[in-house]
Amino acid sequence: MTVVQTAPASVPALDPPDRAPRTRRKGDGLTAWAFLLPSIVGFAVFFVYPAVRGVYYSTTDWNLLSPPKSVGLANYRAAIHDPEFWKSLRVTTYFVVLSLVAQLAIGLVLAGIMHRLLRSVMVRAVLLLPWLVPNVTIGLLWMWMLDTNLGFANHLLHSLGHGTEGFLTDPNLALPSIAGITTWAGIGYIALLFYAGMLQIPQDVYQSAQLDGAGEIRMFFGITLPLLRPIIALVLVVSVIGSFQIFDVVAVTTAGGPVGLTKVIYYYIYEEAFHHFRMGYASAMALCLALVLGVLTWVQMRLLRASTSDLG
Amino acid sequence: MRRAPTLIGTALLAAAAALSACSSSSSDSSNGNVTLRYALWVDTQAPAYQDCANAFHADHPNIKIKIEQTAWAEYWTNLTTEVTAGTAPDVFTDSVAYYPDFQANNQIVDLEPYVKRDHVDLSHFRPGLADLWVRDGKRYGLPKDWDAVALVYNAKLVQAAGVDPASLQNLTWNPTDGGDFEKLIAKLSVDDHGRRGDQPGFDKNHVKTYGIVLDLDAGAGGQTSWGNLAVANGFQFLDKNPFGTHYKYDDPKLAETIAWIKGLQDKGYLGRYSQHSSLGSDAVLASGRAALGMAGSWMASTYLSNKKVDFAFAPLPAGPAGRHTASNTLSDAIYAGGKHKDQAWEWVKFLASPKCQHLVAKRAVVFPAIKSASDEALSAFRSQHMDMQAFVTETSQPGASFLLPLTDHAADVAETVQNGLDAVWLGQDSPGDALKKVNDHVNGLFK
Amino acid sequence: MPHLTTGQRVGRTVAQLVVGVTVVLTVFPVLWMVRTALTPAGDLFGDSYGLWPHHPTLINFKRVLGMTSSAAARAAGGSGAQLDFLLYLRNSLIYTIVIVVGQTLSCAMAGYALARLRFRGRTAVFGTFVGSLMIPPIFTLLPNFALVKQLGWLDTFPGLVAPTLLMSPFSVFFLRQFFLSIPREVEEAALLDGASRARIFWSVVLPMSRAPLFTISLTLAVWSWKDFLWPLLVGRAENTRVLTAALGVFLQQSPNAEPDWTGLMAASTLTVVPPLLLLIFFGRRLVDAVGFTGVK
């Protein structure tokens, strides 16, 4: 570092040190584009081009084998009149609500306890394990645990005197079970996100509240939650987008069944594209999903901006 | 500064590994050796076809056969995806129900020119099998095997119920009161307190052993369950079969049959569909959770070689229109996008030859299509103390076996029927309404 | 240690119980998976639910690793299909490492350019990248599949890694935000010293950015390891099949149309081992990295 500091002394008159020398700026353009080249190539070829093609495909009737046939807005009209499409949106919304409420509630409670009581790294590491494991594995694992005849869950129910439950095959239980599985998978990660947010709250806020006689629970609702609002909002936005696109667990456990009660929108699109080879229709639905997510994100971002941090 | 070299080094290493692994599923090496991929779904038959593959390789040293097995539930979606991606196997097992879809999209090869060129003998197949694969003068497969469906039962449980096994040979059934068949099923159902289904106080909510287990996930024809009963009730799937264009799923005779089966569920004689487990019927029967079932002849070796449970077969019950069994047949098809069609034809020809079919017959896992091989399979079953008489009885009567629906749009029809029936089994729709919706949708595909 | 009231003591115990129960609920299914993997298939129907199988065996692992003959595999409850999960493990590792290295480097360069370099069109480029964050992956998945098919890259590693090798909007955004927050003095000093931007990037900025680079690498690694649909569609041949896709295919090969549970659990265990090792050796950094992504 001493080398750098003595350098200016040996160089002829320069601009004051708080402004970077102008001569350097001219070269930036070339360097910048060189730095950006890989990303821009990747972006253009595998993002922009497919997105444009996707819009095009959504106006065609295409089965991958023969050339696409243009049909205008027919796919969109079909989607609007397709009960399966609306059903899958309903199913997805139901799933998102169930799984989000569970994950946020449990995640906040867990984070709060870890923040105030147990700072163990080991606990946090253990809780993170499901997040590192592929969703396919998680789906298989739980399909086995919840199996009607051989699963541990039903064995437990039997030993408690309760009858058998078809967790993934009963129309009333299938979607809640899927929500339960994804909650199990995501709870550690969400709790850790909130925990990190809580770390930013200065301890003296809690200490002065305690001196005033506040209990842990009151402090949680009165101090922690309000100060955490922006983080909660951010986690909410990201989780909604993520949950709307659930696929792996459904694909491996129920394949959309029973009677389409777990056929989330992502799975319906996949089925149309790769089981029925209606690529045009699938692309149209994918575009609709993109629009829905865009609107949801915009709405949530506005709410997010509206909640400024009370940390000052 | 230390970071960049290690990063780049790892990347280069990974890239090198990737490039070395870069070969796709090419089946060529430079010295003229060819590896053909062959797909099938029944895992118990894989060893039999491996025997054929070995014998074939001995005759054709430059052609190797690689057998790929995918279970039934995913076989067709898997295959269609591979066909669309251009990576389908060179030869694949084809079913009578599915081949029109491939043929309509020009995805399988017309074998007629090869058959004529090599003078393949078509007369040694069981009557009627070879012609099913001909459409508009073109031939899309050579017969591989045939099958039938019969009742399978747990001999010990039947005995414990005080039922004489001989009475199982001539059961009657009707959709109104279920006939002998329902009486038997009721008798075989036992609740947690040991009460049988035909005794007062039978607790249908706490059943220990179900009288019957049925495969309710049985495709467009209900091959291993409702199809047999429906046809025995006088139901016909189509205006004409094969290649009809007007389905009759809205026929009340079918609705009655479906309603009767749903009734079994409601009475506690049949396990509830909302709790149907991942186990196949054979596992349910093997665990003693059910006493009776319907099984295809391709499952015979699985049941009859079970050392813990004594299984036996009996003919299906006779309905108002007599006794009928679904009889399906398979062939081997050549993928039109394959790179080695001539070699593929050699393999298909071999699969349809007496030499291969006799090898398969010896394994006692399936009934091959060639008459003599079929007889040999029967002897092979007998020599392993497997009594297949029920299947023979059923199929020897003229008109007793029926063909599953063979039309275009097979995959769509199967899915529509399955979804419609699922709603019925789960109590979300009545048989009549569900089947009418199914029929309207299915017939709409042909307009 | 402040003096606790009874109420507070009870509260504390309850809270500790909650965490304890959560840990047990998190770990138990994984343990059960391993327990099943060590159980012979025939024993599954025996109604035994002890934590340890009566006759533990390694046959299921041997089956999925391709170390048994077809006949032995079938006898042990499998379908006899030739499996080679070691190969699939290798493929998953290649897929993950290539994407992590490629994308981290490429996005670091892009993030730096967008944060530090002045050039015309900077706002436009950054705006486009951020805007594309709103596009769900499914929308580009179908056309990317068609594109990869047209390029003849189906069933090859280039096809597998192509869409994500060079960039993802999130990585660029994240790294750009970070580079914005580094104090300029160090770079300015090096500039005055005559270093080029490129040299500054490689020798000065990158070494300073270990934490966010690690965070992004980790996020990418976890994401690639878990990726299912894209590798399922594009990596169908044995040589390019990754663990997740292989699990899906294995499920489809069930004997007699019912799942080969012991085999599936053995294969699933293999997908858990690398993450578990990661946790054991990098637990603290992992846990801290998660907080870093969310909070910053």
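The model shown is predicted, which means the values in this text are computed figures rather than measured ones.

## Some words on the overall build of chain B
Check the secondary structure of chain B and you find 17 helices and 15 strands. For 447 residues, the compact-globule formula gives about 22 Å, and the C-alpha radius of gyration of chain B, at 24 Å, lands near that figure. By principal-axis analysis of the C-alpha atoms, chain B measures approximately 80 × 70 × 50 Å. Of the accessible surface of chain B, which amounts to about 17800 Å², a share of 52% is contributed by carbon and sulfur atoms. With 40 positive and 49 negative side-chain charges, chain B shows a spacing of 4 Å between the two charge centroids.

## Structural notes on the sheet that holds strand 11 (residues 311–314) of chain B
All names here are of chain B. Taking strand neighbours across the sheet as the criterion, the 5 strands line up as 8-9-10-7-11 in an open arrangement whose pairing is mixed. Because the sheet does not close on itself, it has two edges, and the strands there are strand 8 (190–191) and strand 11. The pairing of strand 7 (residues 149–154) with strand 10 (residues 290–296) spans 5 bridges and is antiparallel. Across the sheet, the residue bridging to L151 is M294, located in strand 10. Sheet strands in contact with helix 7 (residues 179–188) are strand 7, strand 8, strand 9 (207–213) and strand 10, and its direction is about 155° off that of strand 9. With respect to the sheet, helix 15 (residues 389–396) is in contact with strand 7, strand 10 and strand 11, its orientation differing from that of strand 7 by roughly 150°.

## Examining the pairing of strand 1 (residues 34–40) of chain B
Residues and elements named next belong to chain B. Most of strand 1 sits out of view: 6 of its 7 residues are buried. In the sheet, strand 1 pairs with strand 2 (residues 63–69) via 7 bridges, with the strands oriented parallel. Following the sheet pairing, R37 is matched in strand 2 by K66. Sheet topology places strand 1 next to strand 3 (residues 91–95); 2 bridges connect them, and they run parallel. If you follow Y38 over to strand 3, its bridge partner there is V91.

## Examining the state of the cysteines
Residues and elements named next belong to chain B. Across all of its chains, the model carries 1 disulfide over all chains by this definition. Across a sulfur-sulfur distance of 2.1 Å, C52 and C356 are joined as a disulfide pair. An S-S torsion of about 100° defines the bridge between C52 and C356 as right-handed. With C52 in helix 2 (residues 46–59) and C356 in helix 13 (residues 354–362), this residue pair connects regions lying 304 residues apart in the sequence. Pair check on accessibility: C52 and C356 agree, each one buried.

## What about the interface of chain A and chain C?
Taken together, the contact pairs 94 residues of chain A with 93 residues of chain C. A buried area of about 8600 Å², summed over both sides, lies between chain A and chain C, and 81% of it is on carbon and sulfur atoms. Of all residues in chain A, F35, F46 and W144 of chain A bury the most surface against chain C, accounting for 10% of the area lost on that side. Linking chain A with chain C are 0 salt bridges, by the criterion used here. The tally of links between chain A and chain C comes to 7 residue pairs in polar contact (both at pLDDT 80 or more). Broken down by element, the side of chain A that touches chain C gets its largest block of residues, 24 residues, from helix 3 (residues 28–57) of chain A. Partitioning the side of chain A that touches chain C into residue classes produces 71 nonpolar, 16 polar and 7 charged.

## What about the packing of aromatic side chains?
Evaluation of the coordinates by the stated rule reveals 63 aromatic pairs over all chains. Relative to Y270 of chain A, the ring of F247 of chain A lies with its centre 5.0 Å away and its plane at 70°, an arrangement referred to as edge-to-face. Of this pair, F247 of chain A sits in the loop between helix 11 (216–244) and helix 12 (248–253) while Y270 of chain A sits in helix 13 (residues 265–274), and the two are 23 residues apart along the sequence. Site record: aromatic cluster; members linked through ring pairs are F247, Y266, Y267, Y270 and F274 of chain A together with F145 and F228 of chain C. Lying across the ring of W146 of chain B, R126 of chain B places its NZ or CZ 3.8 Å from the centre. Geometry around Y49 of chain B places K144 of chain B over its ring, the cationic atom sitting 4.0 Å from the centre.

## Some details on the domain arrangement of chain C
Under the domain assignment, chain C is made up of domain 1 (14–75) and domain 2 (85–252). Each of domain 1 of chain C and domain 2 of chain C has a C-alpha centre, and the two are 36 Å apart.

## Digging into the sheet that holds strand 14 (residues 367–368) of chain B
Residue and element names in this part refer to chain B. Judged by pairing direction, the sheet is mixed, and its 6 strands sit side by side in the order 2-1-3-13-6-14 without closing on themselves. In the strand order of this sheet, the two ends are held by strand 2 and strand 14, each with one partner. Here 2 bridges tie strand 6 (residues 142–146) to strand 14, and the two strands are oriented antiparallel to one another. Counted as the bridge partner of D145 is P368 from strand 14.

## Description of unusual backbone geometry
A cis amide bond links G257 of chain A with the next residue in sequence, P258 of chain A, at an omega value of -15°. For D136 of chain B, which is not glycine, the phi torsion reads 55° and is therefore positive. Inspection of the secondary structure puts D136 of chain B in the loop between strand 4 (134–135) and strand 5 (138–139). At H409 of chain B, a residue that is not glycine, the phi angle is positive and equals roughly 60°. In this structure, H409 of chain B sits in the loop between strand 15 (401–402) and helix 16 (410–425).

## A short note on the side chain of E82 of chain B
In this structure, E82 of chain B sits in helix 3 (residues 72–85). When its relative accessible area of 12% is taken as the criterion, E82 of chain B is described as buried. Sequence-distant contacts of E82 of chain B, defined by excluding residues within four places in its chain, comprise R37, T87, A88 and P89 of chain B together with R236 of chain C.

## Re a nonpolar patch on the surface
Among the surface-exposed residues, V273, L276, L277, I280, F281 and F282 of chain C lie close enough to one another that they form a single nonpolar patch of about 570 Å² accessible area. Of note, I280 of chain C is situated in helix 14 (residues 261–295).

## Brief notes about the nonpolar core
Membership of the largest hydrophobic core comes to 301 residues, with the highest contact counts inside it found for F194 of chain A, F181, W226, Y249, F313 and W347 of chain B together with F85 of chain C. Examining the composition of this core, we find that 14 residues originate from one element, helix 9 (residues 174–198) of chain A, more than from any other. For this core, the two domains that each supply at least three residues are domain 1 (14–75) and domain 2 (85–252) of chain C. Counting residues in hydrophobic clusters, the runner-up holds 37 residues, among them A113, L117, F119 and F126 of chain C.

## Examining empty space enclosed by the protein
All names here are of chain C. Counting across every chain of the model gives 5 cavities of 30 Å³ or more. Computed from the structure, the largest cavity encloses a volume of approximately 70 Å³. For the lining of the largest cavity, the element with the highest residue contribution is helix 1 (residues 6–37), accounting for 3 residues. The residue makeup of the lining of the largest cavity, split by class, is 5 nonpolar, 2 polar and 3 charged.

Cut-offs used in this document
- Residues numbered from 1 in each chain as written.
- Chains lettered and ligands numbered in written order.
- Predicted model: local features only at pLDDT ≥ 70, side-chain atom pairs only at ≥ 80, totals over all residues.
- Heavy atoms only, no water.
- Helix = DSSP H or I, 4+ residues; strand = E, 2+ residues; numbered from the N terminus.
- Rg over C-alpha atoms; globule rule 2.2 N^0.38 Å.
- Areas by Shrake-Rupley, 256 points an atom, 1.4 Å probe, with all protein chains shown as cover.
- Lys, Arg positive; Asp, Glu negative; His and termini not counted.
- Charge placed at Lys NZ, Arg CZ, Asp CG, Glu CD.
- Pairing = 2+ DSSP bridges.
- Contact = heavy atoms within 4.5 Å.
- Axes fitted to C-alpha atoms, helices over the stretch in contact; angles between N-to-C directions.
- Buried < 20%, exposed > 50% of the residue type's maximum accessible area, 1.4 Å probe, protein only.
- Disulfide = S-S within 2.5 Å.
- Buried area = accessible area lost by both parts, 1.4 Å probe.
- Salt bridge = Lys/Arg side-chain N within 4 Å of Asp/Glu carboxyl O.
- Polar contact = N/O pair within 3.5 Å; in protein donor to acceptor, adjacent residues only side chain to side chain.
- Nonpolar A, V, L, I, M, F, W, Y, C, P; charged D, E, K, R; others polar.
- Phe/Tyr/Trp six-rings, centres within 6.5 Å; stacked < 30°, edge-to-face > 60°.
- Lys NZ or Arg CZ within 6 Å of the ring centre and 35° of its normal.
- Domains from an automatic or database assignment.
- Patch = residues over 30% accessible without salt bridge, like charges linked within 9 Å, V, L, I, M, F, W, Y side chains within 5 Å.
- Core = buried A, V, L, I, M, F, W, Y, C linked by side-chain atoms within 4.5 Å.
- 1 Å grid on protein atoms, 1.4 Å probe; cavity = no way out; pocket = protein on both sides within 12 Å on 5 of 7 lines; lining within 4 Å.
- Points joined across faces, edges and corners; volume = space filled by probe spheres on them.

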